[in-house]
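Commentary on secondary and tertiary structure
Here are the chains, one letter per residue:
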Number of protein chains: 2
Amino acid sequence: MSATIADIAKATGYSTATVSYALRGNPQVKPETAAKVREAAARLHYQGNASARSLRLGRSNVIAVAVHDLALPFSAELAHAISVALAPRGYQVFAQQTLFTGSNEETVLRELDHQFCDGTIFCSGELKPEQMKKITGSKPLVILDPSQPTDLYDSVYTPGHDGVYAAVSHLLSTGRRRIVAMGVAYRPYERIHDLTDVSSTRLTGCMDACRDAGVAFGPDNTAVPAQWTVEGAYDATMRLLDEGREFDAVYCLSDTVAIGVMHALHDRGIAIPDDVAVAGFDGIEAGRSAFPPLTTAAVDFDRLAATLADLLLRRIETPDAPIETRTANFTLEVRSSTRQ
Amino acid sequence: MSATIADIAKATGYSTATVSYALRGNPQVKPETAAKVREAAARLHYQGNASARSLRLGRSNVIAVAVHDLALPFSAELAHAISVALAPRGYQVFAQQTLFTGSNEETVLRELDHQFCDGTIFCSGELKPEQMKKITGSKPLVILDPSQPTDLYDSVYTPGHDGVYAAVSHLLSTGRRRIVAMGVAYRPYERIHDLTDVSSTRLTGCMDACRDAGVAFGPDNTAVPAQWTVEGAYDATMRLLDEGREFDAVYCLSDTVAIGVMHALHDRGIAIPDDVAVAGFDGIEAGRSAFPPLTTAAVDFDRLAATLADLLLRRIETPDAPIETRTANFTLEVRSSTRQ
DNA sequence: ATGAAAGCGCTAACAG
DNA sequence: CTGTTAGCGCTTTCAT
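Residues numbered from 1 in each chain as written. Chains lettered and ligands numbered in written order. Predicted model: local features only at pLDDT ≥ 70, side-chain atom pairs only at ≥ 80, totals over all residues. Heavy atoms only, no water.

A look at the nonpolar core
It is characteristic of soluble globular proteins that their nonpolar side chains tend to be buried jointly. Within the largest apolar cluster, 110 residues are counted, with the highest numbers of intra-cluster contacts made by Tyr-251 of chain A together with Tyr-251 of chain B. Residues contacting Tyr-251 of chain B, with those up to four places away along its chain left out, are Val-164, Ala-167, Val-168, Leu-171, Ile-179, Val-180, Ala-181, Met-182, Ala-279, Gly-280, Phe-281 and Ala-297 of chain B. (Core = buried A, V, L, I, M, F, W, Y, C linked by side-chain atoms within 4.5 Å. Buried < 20%, exposed > 50% of the residue type's maximum accessible area, 1.4 Å probe, protein only. Contact = heavy atoms within 4.5 Å.)

As for the protein's contact with DNA strand D
Taken together, 26 residues are adjacent to DNA strand D, and Thr-33 of chain A together with Ile-5, Tyr-21, Tyr-46 and Arg-56 of chain B come closest. Sugar and phosphate atoms represent 61% of those atoms of DNA strand D found within 4 Å of the protein. The contact in question runs from a phosphate oxygen of DNA strand D to an N or O atom on the side chain of Ser-20 of chain B, over 3.0 Å. Arg-53 of chain B places a side-chain nitrogen or oxygen 2.7 Å from a phosphate oxygen of DNA strand D. Mapped onto the surface near DNA strand D, the elements with two or more residues apiece are helix 2 (16-24) and helix 4 (50-57) of chain A together with helix 2 (16-24) and helix 4 (50-57) of chain B. (Near = heavy atom within 4 Å. Polar contact = N/O pair within 3.5 Å; in protein donor to acceptor, adjacent residues only side chain to side chain. Helix = DSSP H or I, 4+ residues; strand = E, 2+ residues; numbered from the N terminus.)

Examining the relation of the copies chain A and chain B
Overlaying chain A on chain B yields an RMSD of 0.1 Å, the required transformation being a rotation through 180 degrees with an accompanying axial translation of 0.1 Å. The superposition of one copy onto the other is thereby described by a two-fold rotation axis. (Least-squares fit on C-alpha atoms with pLDDT ≥ 70 in both.)

Looking at the interface of chain A and chain B
Between chain A and chain B, the residue contacts involve 50 residues of the former and 50 residues of the latter. When chain A packs against chain B, close to 3900 Å² is buried across both sides, 61% of that on carbon and sulfur atoms. Our count for the chain A to chain B interface comes out at zero salt bridges. Counting across the interface, chain A meets chain B through 14 residue pairs in polar contact (both at pLDDT 80 or more). If you list the elements that add at least two residues to the side of chain A that touches chain B, you get helix 4, helix 5 (73-86), strand 2 (92-97), helix 6 (102-116), helix 7 (129-136), helix 11 (230-242), helix 12 (255-267) and helix 13 (285-288) of chain A. Per-element accounting of the side of chain A that touches chain B gives the leading share, nine residues, to helix 6 of chain A. Taken together, the residues of the side of chain A that touches chain B break down into 22 nonpolar, 19 polar and nine charged. (Buried area = accessible area lost by both parts, 1.4 Å probe. Salt bridge = Lys/Arg side-chain N within 4 Å of Asp/Glu carboxyl O. Nonpolar A, V, L, I, M, F, W, Y, C, P; charged D, E, K, R; others polar.)

Let's talk about the packing of helix 1 (residues 5-12) of chain B against helix 2 of chain B
Residue and element names in this part refer to chain B. The interhelical angle for the contact between helix 1 and helix 2, taken along N-to-C directions, is 105 degrees, at an axis separation of 8 Å. As far as their axial angle goes, helix 2 and helix 1 are roughly perpendicular. Contacts between helix 1 and helix 2 involve Ile-5, Ala-6, Ile-8, Ala-9 and Thr-12 from the first element and Thr-16, Val-19 and Leu-23 from the second. Of the residues assigned to the contact of helix 1 with helix 2, the class counts are six nonpolar, two polar and no charged. (Axes fitted to C-alpha atoms, helices over the stretch in contact; angles between N-to-C directions. Parallel < 35°, antiparallel > 145°, perpendicular 65-115°, else oblique.)

What about helix 7 (residues 129-136) of chain B?
Side chains three or four residues apart in an α-helix point the same way, a direct result of the helix having 3.6 residues per turn. Residue and element names in this part refer to chain B. Here helix 7 has its buried residues at Pro-129, Met-132, Ile-135 and Thr-136. One side of helix 7 holds all its buried residues, which, seen down the axis, span an arc of 120 degrees. Taken from the residues just after helix 7, Gly-137 is the one with a positive phi, measuring 55 degrees. (Arc of directions from axis to C-beta.)

So, the packing of aromatic side chains
Residue and element names in this part refer to chain A. Taken as a whole and judged by the stated rule, the model has seven aromatic pairs over all chains. With a centroid separation of 5.4 Å and 55 degrees between ring planes, the pair formed by Phe-74 and Phe-301 is classed as tilted. Of this pair, Phe-74 sits in helix 5 while Phe-301 sits in helix 14 (residues 301-317), placing them 227 residues apart in sequence. Note on accessibility: Phe-74 and Phe-301 belong to one class, buried. Stacked on the ring of Tyr-189, the Lys or Arg Arg-211 has its end atom at 6.0 Å from the ring centre. (Phe/Tyr/Trp six-rings, centres within 6.5 Å; stacked < 30°, edge-to-face > 60°. Lys NZ or Arg CZ within 6 Å of the ring centre and 35° of its normal.)

Considering the UniProt feature "domain: HTH lacI-type" (unreviewed entry) in chain A
Look at the UniProt record and you will see "domain: HTH lacI-type" (unreviewed entry) annotated at residues 3-57 of chain A. Segment residues 3-57 of chain A splits into 69% helix and 0% strand. End C-alpha atoms: 20 Å apart. (UniProt positions renumbered as here; feature names shortened; annotations may be inferred.)

Thoughts on the sheet that holds strand 10 (residues 295-299) of chain A
All names here are of chain A. Read from one edge to the other, the open sheet built from six strands follows the order 7-6-8-9-10-12, with strand pairing classed as mixed. Single-partner strands in this sheet number two, and they are strand 7 (222-223) and strand 12 (330-333). As paired elements, strand 6 (residues 179-182) and strand 7 share two bridges and run parallel to each other. Of the residues in strand 7, the one forming a bridge with Ala-181 is Thr-222. (Pairing = 2+ DSSP bridges.)

Observations regarding helix 14 (residues 301-317) of chain B
Residues and elements named next belong to chain B. For helix 14, which comprises 17 residues, the first-to-last C-alpha distance of 24 Å matches the rise-based estimate of 24 Å (1.5 Å per residue) to within 8%. Considered for burial, the residues of helix 14 that qualify are Phe-301, Leu-304, Ala-305, Thr-307, Leu-308, Ala-309, Leu-311, Leu-312, Leu-313 and Arg-315. The N-cap of helix 14, judged by a side-chain oxygen 3.2 Å from the amide nitrogen of Asp-302 a few residues on, is Asp-300. (Expected span 1.5 Å × (residues − 1).)

Quick word on the protein's contact with DNA strand C
Taken together, 25 residues lie near DNA strand C, and Ile-5, Tyr-46 and Arg-56 of chain A together with Ser-15 and Thr-33 of chain B sit nearest. The sugar-phosphate portion of DNA strand C accounts for 64% of its atoms within 4 Å of the protein, the bases making up the rest. One of the backbone nitrogen or oxygen atoms of Lys-30 of chain B is found 3.1 Å away from a phosphate oxygen of DNA strand C. Take Thr-33 of chain B: an N or O atom from its side chain is 2.6 Å from a phosphate oxygen of DNA strand C. If you list the elements that add at least two residues to the surface near DNA strand C, you get helix 2 and helix 4 of chain A together with helix 2 and helix 4 of chain B.

Section: the pattern of salt bridges
The final tally for this structure, using the stated rule, is 28 salt bridges over all chains. Note that Arg-314 of chain B is salt-bridged to Asp-154 of chain B, the shortest N-O span being 3.2 Å. Residue Arg-314 of chain B is located in helix 14, and its partner Asp-154 of chain B is located in strand 5 (residues 154-157); the two are separated by 160 residues in the primary sequence. Linked through salt bridges whose partners overlap, the residues forming this network are Asp-154, Arg-314, Arg-315, Glu-324 and Arg-326 of chain A.

What about the side chain of Thr-296 of chain B?
All names here are of chain B. The residue Thr-296 is located in strand 10 (residues 295-299) in this model. Among the polar contacts made by the side chain of Thr-296, one reaches the main-chain carbonyl oxygen of Gly-280 at a distance of 3.3 Å. One polar contact links the side chain of Thr-296 to the main-chain amide nitrogen of Asp-282, over a distance of 3.5 Å. For Thr-296, the contacting residues outside a window of four places in its chain are Asp-255, Gly-280, Phe-281, Asp-282, Gly-283, Thr-331, Leu-332, Glu-333 and Arg-335.

What follows is the structure, encoded as structure tokens:
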């Protein structure tokens, strides 16, 4: 068992109060006393007990970050960026994954974050805000890309519509006309233009870009991978080619999907971008070093992380502050996958 | 503020003891009582306080995982695999990054894991085991790839020597003769063959493979990127080409390095594998979907994670068990980057 | 079957 | 400048 302040008190002859003060650097303690205490603490390999401290103080200076899957580049880069953003502000980040299942999301919200951590940054999945609210009560939480607009939590959106609009407009401006949007099934514009979930906003961004360029966009302009993964996209692309669908560009609703698409095109001997241009969304590192380097609507991870951190810390410090909703920004990174 | 068991006790008229029993499913409580308590708990949105529980019990069922950088594929995939391995065993995983700096490593060890978590899986960085021991005391910890052999902690090694040996032997067996090992500076065999750090074991694996094939391996067969990153490897490869070094294969000490190398070769119009074959180490997903798909000595992440988890849980349950050292296994994944 | 009470380790009034 | 003490929320003897 690790040493406690009581052990140090015993060893030095001071009270636990004085030891605590000394260890926390309270200027009231005589320097000499403080030195003795610190010496004893070092000698006994004293390590403060976070549970006790957090129980007493009601805070731990720990923030939980729940991403979809730690192994997915978007999640991984986001978790990294949030850790980096919060470190200088005195918070340590604990990252967890929900693996897209509602039960894991519940666990994350219920079991621990909510109890030990001062707040949570939560990448939205299956659970709806109302369901989450029942679990988290008044604990500070910020949602990334909530599946529906909410005034229950501060929330931040990735720039799905505008990012996709910019990327698809770029494809159209380079002369592409037969675009396949890879990621989600076609739904009529009227049914989705006011939805805020990731799939819908990205799809409407694509539709708006086509419409503004006078290019038709219908069910034949979409393809649906089983999942937004490299394999899912690879298989979906192969199916597309087997069906004989004709297209001169694939706009992928995520960079991961784009990597799978390019893999499939390579395997079929289709030149990128000469035969088919490919572009994505997210701005993950893997796109930069893909072959060819992937054009993408790149979310600014650092600023996104900073925004999430700002909102959460504000909520922690000012629980009654008005709920805010923000949208992250992006940069259209034009690389060789669309540039001839 | 969240409801406590005292609130439930007040609401139901039972004592906090009974409430606690009921909530934990103690069979002694009358079913009717338990039902009432659970009802009140739900109504009050009760959430147990992890700090209090952990303070009382001396354990939290949380394991800390400290990786180098959450955004790096190897770290990310490992953290993912460990989370998956520990979930069914009743442990939640908190992932953190050390960013290769000793001070962050200290923070991770000192500030929190060590205090709130029941144990730590630690990817070795700057700190030496003795230094770590001073901080962690008797808290359960398992090291991945310690920089030097240690009997202070259970430890697991990635199969650096054997994996590289297999991969380089494969390169040689396909007729390659002028191999550049990209990742670490040349050091004479005698000076490193008994070291156990990642760089040394991988380099000796390469040397042994060459020697056994009767191929010379000297300082000219190595190249050193500034870091084991895509950019570092890209730049190092460009320098190599600018210098006019001749080679027909690059063996990269990590897959991430390999991706940077292939990027540079593409940019210079060098065909892979026709002009130069490329192979790596790790087995990250990105290698599978790279162009061309990367041959690599693939660590079995799931089994590595299971081994780390096994050792840590054993240490938690049996603190005095003898220290163990294990080595993970690998599979040589031969893909197009070396196959003509 | 339920309750009273102690105590995990720590911090912060408050007192001296 | 230092000590006494209460109590954060929980679990668990030990009584009843």
